[in-house]
Amino acid sequence: MCIRDRSYGALTQINERFHRFFRTRMLTELDYNPRLSVATPQLMKYSEYIRNVASPSSINVIELEPLKGEALIIIHPQVVFSCLDNWYGGQARSLVVGDERGFTANENAIIDRLCELMFKSTVEAWSPYVEIDINLVNRDINPLFANIAGDDESVVVNRFLIRLRDEDTEPYIDIVYTYQSLNLQRDLLSSRIQTQEADQKWLDRLHATISEVDFNMYAVSYTHLRAHETLRYRVW
């Protein structure tokens, strides 16, 4: 179920900022330029979400202070495999593995690096709204060990998809917040959206007003210019 609420317009903006920062960091620090896209935040029951998580996945339980409770960062196994392939100069491709297979030492090193980049990108994405501090609480490969909410409690799933050459495979990275933790920040998120909208309207009015102002500019000779036309000139 999609979220339709003014305060969650802020969450959409946070996701778009995360997408931009994380993709840039993957390119500059992992030399990987994935076809990464951001989906609309989804609201669902925690039990419905967790039973559909691919296994093995990298299940990272985190705390985001000052948000209450815990959150999840889920890294689909094919994201890990494609990053590792790219790191060693191969083509990003899907790899079929069993549910009980754990991650190798090299794959765990990639997971560590991905989490580091995601933590930095998440902090930066939230910065216009609230300063957050992220701590890793636990990491596992079995989704059933991640108990951030009761089965009937609602969570907000923020999915970032990576497209591979194999179109049948849809690897993803999920950032999952409990609905309660975001609801406690609802007023803050909503007020930031209203402030941004007001600031943009003020800037639009200011730009429209200034562009209509006539004034005289004296240089070697006399000329008559509008404000926006002076942008072509340099003052010495």
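Report follows, based on the coordinates. Keep in mind that this is a model prediction, so the values were computed, not measured.

Quick look at the overall build of the chain now. Each helix and strand in the chain was counted, giving six helices and nine strands. Among the 236 residues that make up the chain, the fraction classed as buried is 40%. Partitioning the intrachain contacts of the chain with sequence separation of at least 6 by distance along the chain shows that 71% fall at a separation of at least 24. Of the accessible surface of the chain, which amounts to about 13,500 Å², a share of 50% is contributed by carbon and sulfur atoms.

On to helix 4 (residues 105–126). For helix 4, spanning 22 residues, the distance from its first C-alpha to its last is 32 Å, which sits close to the expected 32 Å at 1.5 Å a residue. Turning to helix 4, its buried residues are E107, I110, I111, L114, C115, L117, M118, F119, S121, T122, A125 and W126.

By size, the foremost hydrophobic cluster in this structure holds 44 residues, and its most contacted members are F22, L64, I75, L114, M118, W126 and Y177. Those elements that place two or more of their residues in this core are helix 1 (6–30), strand 3 (58–65), strand 4 (71–75), helix 3 (77–87), helix 4, strand 6 (154–163) and strand 7 (172–178). No other element matches the nine residues that helix 4 contributes to this core. In this structure, I50, L72, I74 and V157 belong to the second largest nonpolar core, which totals 16 residues.

This next bit is on the packing of aromatic side chains. Taken as a whole, this structure holds four aromatic pairs when the rule is applied. With a centroid separation of 5.9 Å and 75° between ring planes, the pair formed by W126 and Y177 is classed as edge-to-face. Linking W126 in helix 4 with Y177 in strand 7, this pair joins segments that are 51 residues apart in sequence. Here W126 falls in the buried class, since its relative accessible area comes to 0%.

Within strand 7, seven of the seven residues are buried, which leaves the element mostly enclosed by the surrounding structure. Burial along strand 7 is two-sided: the face carrying Y172, D174, V176 and T178 and the face carrying I173, I175 and Y177 are both buried. Pairing of strand 4 with strand 7, which is carried by four bridges, proceeds in the antiparallel orientation. Looking across to strand 7, one finds that I73 is bridged to I175. Pairing between strand 6 and strand 7: seven bridges, direction antiparallel. Looking across to strand 7, one finds that V155 is bridged to T178.

Quick look at the side chain of S121 now. One can find S121 in helix 4. Of the polar contacts made by the side chain of S121, one reaches the backbone oxygen of L117; its length is 2.9 Å. Ignoring anything within four residues of it in the chain, the contact list for S121 reads F18, F21, F22 and R25.

Before going further, it helps to spend a moment on the environment of P143. Here P143 shows up in the loop between strand 5 (133–140) and strand 6. On the basis of relative accessibility, which here comes to 5%, the residue P143 falls in the buried class. Separated by 83 residues in sequence, P143 and N60 place their C-alpha atoms 9.5 Å apart. Here P143 is in contact with I50, V53, A54, S55 and I59, once residues within four sequence places are set aside.

When you tally the buried positions in strand 4, you get five out of five residues, the bulk of the element. Both faces of strand 4 are covered, namely the face carrying A71, I73 and I75 and the face carrying L72 and I74. Relative to strand 4, strand 3 runs antiparallel, the two sharing five bridges. When the bridges of strand 4 are listed, V61 appears paired with L72.

Now for the environment of E48. Secondary-structure assignment places E48 in helix 2 (residues 46–50). Between the alpha carbons of E48 and D151 there is a distance of 7.9 Å; along the sequence they are 103 residues apart.

On to the pattern of salt bridges, then. Side chains bearing opposite charge may pair, as long as their charged atoms lie close to each other. Under the defined criterion, the tally for this structure stands at six salt bridges. R25 is the partner of E124 in a salt bridge, and the nearest nitrogen-oxygen pair spans 2.9 Å. Of this pair, E124 sits in helix 4 while R25 sits in helix 1, placing them 99 residues apart in sequence. Here R25 falls in the buried class, since its relative accessible area comes to 18%.

Procedures and definitions
- Residues numbered from 1 in each chain as written.
- Predicted model: local features only at pLDDT ≥ 70, side-chain atom pairs only at ≥ 80, totals over all residues.
- Heavy atoms only, no water.
- Helix = DSSP H or I, 4+ residues; strand = E, 2+ residues; numbered from the N terminus.
- Buried < 20%, exposed > 50% of the residue type's maximum accessible area, 1.4 Å probe, protein only.
- Contact = heavy atoms within 4.5 Å.
- Areas by Shrake-Rupley, 256 points an atom, 1.4 Å probe, with all protein chains shown as cover.
- Expected span 1.5 Å × (residues − 1).
- Core = buried A, V, L, I, M, F, W, Y, C linked by side-chain atoms within 4.5 Å.
- Phe/Tyr/Trp six-rings, centres within 6.5 Å; stacked < 30°, edge-to-face > 60°.
- Pairing = 2+ DSSP bridges.
- Polar contact = N/O pair within 3.5 Å; in protein donor to acceptor, adjacent residues only side chain to side chain.
- Salt bridge = Lys/Arg side-chain N within 4 Å of Asp/Glu carboxyl O.

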